[in-house]
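Here is what each chain is made of, one letter per residue.
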Amino acid sequence: MLRIGVLASHQGTNFQAIVNACEQNRVQANVALLICNNSAAPVLARARKSGVPTVHLSSLTHPSASALDESMNDHLINENIDLVVLAGYMKKLGRRVLEAHRDRIINVHPSLLPRHGGPGFYGSRVHQAVIESGDSETGATVHLVNNDYDMGKTLLQEKISVNLDDTPDSLAARLRPIEHKLLIEVIQQFSAGKK
């Protein structure tokens, strides 16, 4: 069974969607570890409630970026993680993690990459950029993670129309279930050995 390590920073709605899919046997996988860089993040409570082991790793626990990278990689390897899922994780991964888990790290991004991706494009900033650009459509993208923000190979993407009265909040609300669905579909593909 596919062992998933989730990296998250805040609320954990994507984390919860993955846990629910595993518990409901919609995917042949289980969430074996949550790594969080924010010790006050609600996702930690979600993980505890679901019985998922958690670890807080950040610049507070490891002031050296290389030590943080090494510790994160050690945790992933010690838990025999097959797939790393970035679910609202707001930090760039280090070289050691990227190399040890190459082509086995995925991220979900709330736009049609490559549009509105890269450094500084996260959360409501992405949706604000979509509205300000006058785009007629937006969507969500699940992609492989590499050394460049949001530049890894696209695995799945789904579009929605941008309405004239949309706000960053309304776009986020409409895209959240799509993000969850795409993440689960990609995890299913990894579980079936198709990726």
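Residues numbered from 1 in each chain as written. Predicted model: local features only at pLDDT ≥ 70, side-chain atom pairs only at ≥ 80, totals over all residues. Heavy atoms only, no water.

## Quick look at the overall build of the chain
Tallying secondary structure elements over the chain gives 6 helices and 7 strands in all. Helices and strands in the chain line up, N terminus first, as β-α-β-α-β-α-β-α-β-α-β-β-α. At 16 Å, the chain has a C-alpha radius of gyration in line with the 16 Å of a compact globule built from 195 residues. On the principal axes, the C-alpha backbone points of the chain span a range of 50 × 40 × 30 Å. By the burial criterion, 49% of the 195 residues in the chain qualify as buried. Sequence separation of at least 24 residues holds for 65% of the intrachain contacts in the chain that already meet a minimum separation of 6. Entry remark: accessible area of the chain is about 9,600 Å², with carbon and sulfur atoms responsible for 48%. In the chain, 20 positive and 19 negative side-chain charges are present, and the distance between their average locations comes to 3 Å. (Helix = DSSP H or I, 4+ residues; strand = E, 2+ residues; numbered from the N terminus. Rg over C-alpha atoms; globule rule 2.2 N^0.38 Å. Buried < 20%, exposed > 50% of the residue type's maximum accessible area, 1.4 Å probe, protein only. Contact = heavy atoms within 4.5 Å. Areas by Shrake-Rupley, 256 points an atom, 1.4 Å probe, with all protein chains shown as cover. Lys, Arg positive; Asp, Glu negative; His and termini not counted. Charge placed at Lys NZ, Arg CZ, Asp CG, Glu CD.)

## Structural notes on the side chain of Ser 58
On the secondary structure map, Ser 58 appears in the loop between β3 (54-56) and α3 (65-78). Residue Ser 58 is classed as buried on the basis of its relative accessible area, which comes to 6%. Ignoring anything within four residues of it in the chain, the contact list for Ser 58 reads Asn 37 and Leu 68.

## Points about the nonpolar core
Counting residues in each nonpolar core, the largest one holds 41 residues, and the members touching the most others are Val 6, Ile 18, Ile 106 and Ile 187. If you tally residues by element for this core, the top one is helix α6 (residues 168-191), at 9 residues. Residues in contact with Ile 18, not counting those within four places in the same chain, are Ile 4, Val 6, Val 31, Val 85, Leu 183, Ile 184 and Ile 187. Judged by nonpolar contacts, the second largest core, of 18 residues, contains Ala 32, Leu 68, Leu 86 and Val 145. (Core = buried A, V, L, I, M, F, W, Y, C linked by side-chain atoms within 4.5 Å.)

## A look at the sheet that holds strand β7 (residues 154-161)
Adjacent strands of a sheet pair through backbone hydrogen bonds, lying either parallel or antiparallel. With mixed pairing, the 7 strands of this open sheet are ordered in space as β3-β2-β1-β4-β5-β6-β7. If you trace the sheet from one side to the other, it starts and ends with β3 and β7, each paired once. Recorded for the sheet is a direction-independent mean angle of 20° between the axes of neighbouring strands. Here strand β1 (residues 2-8) pairs with strand β2 (residues 29-36) via 7 bridges, running parallel. Within β2, the residue paired with Gly 5 across the bridge is Leu 33. Across the face of the sheet, helix α1 (residues 13-23) comes into contact with β1, β2, β4 (83-86) and β5 (105-109) while running at roughly 160° to β2. (Pairing = 2+ DSSP bridges. Axes fitted to C-alpha atoms, helices over the stretch in contact; angles between N-to-C directions.)

## Quick notes on the packing of helix α5 (residues 124-133) against α6
In contact at an axis separation of 8 Å, α5 and α6 are set at 110° when each is read in the N-to-C sense. In this view, α5 runs roughly perpendicular relative to α6, as classed from their interaxial angle. Pair α5 / α6 crosses with right-handed handedness. Along its contact with α5, which presents Ser 124, His 127, Gln 128, Val 130 and Ile 131, the element α6 presents Pro 168, Leu 171, Ala 172 and Leu 175. Counted by class, the contact of α5 with α6 contains 6 nonpolar, 3 polar and no charged residues. (Parallel < 35°, antiparallel > 145°, perpendicular 65-115°, else oblique. Left-handed = near helix turned anticlockwise from the far one by under 90°. Nonpolar A, V, L, I, M, F, W, Y, C, P; charged D, E, K, R; others polar.)

## Thoughts on the pairing of β5
For β5, the buried fraction is high: 5 of the 5 residues fall into the buried class. Side-chain alternation along β5 places Ile 105, Asn 107 and His 109 on one buried face and Ile 106 and Val 108 on a second face that is also buried. With 3 bridges connecting them, β4 and β5 associate as parallel partners. In the strand pairing of β5, Leu 86 is matched with Asn 107. On the question of chirality, the crossover connecting β4 to the parallel β5 by way of helix α4 (residues 95-100) is right-handed. (Right-handed = clockwise from strand over helix to strand, strands pointing away.)

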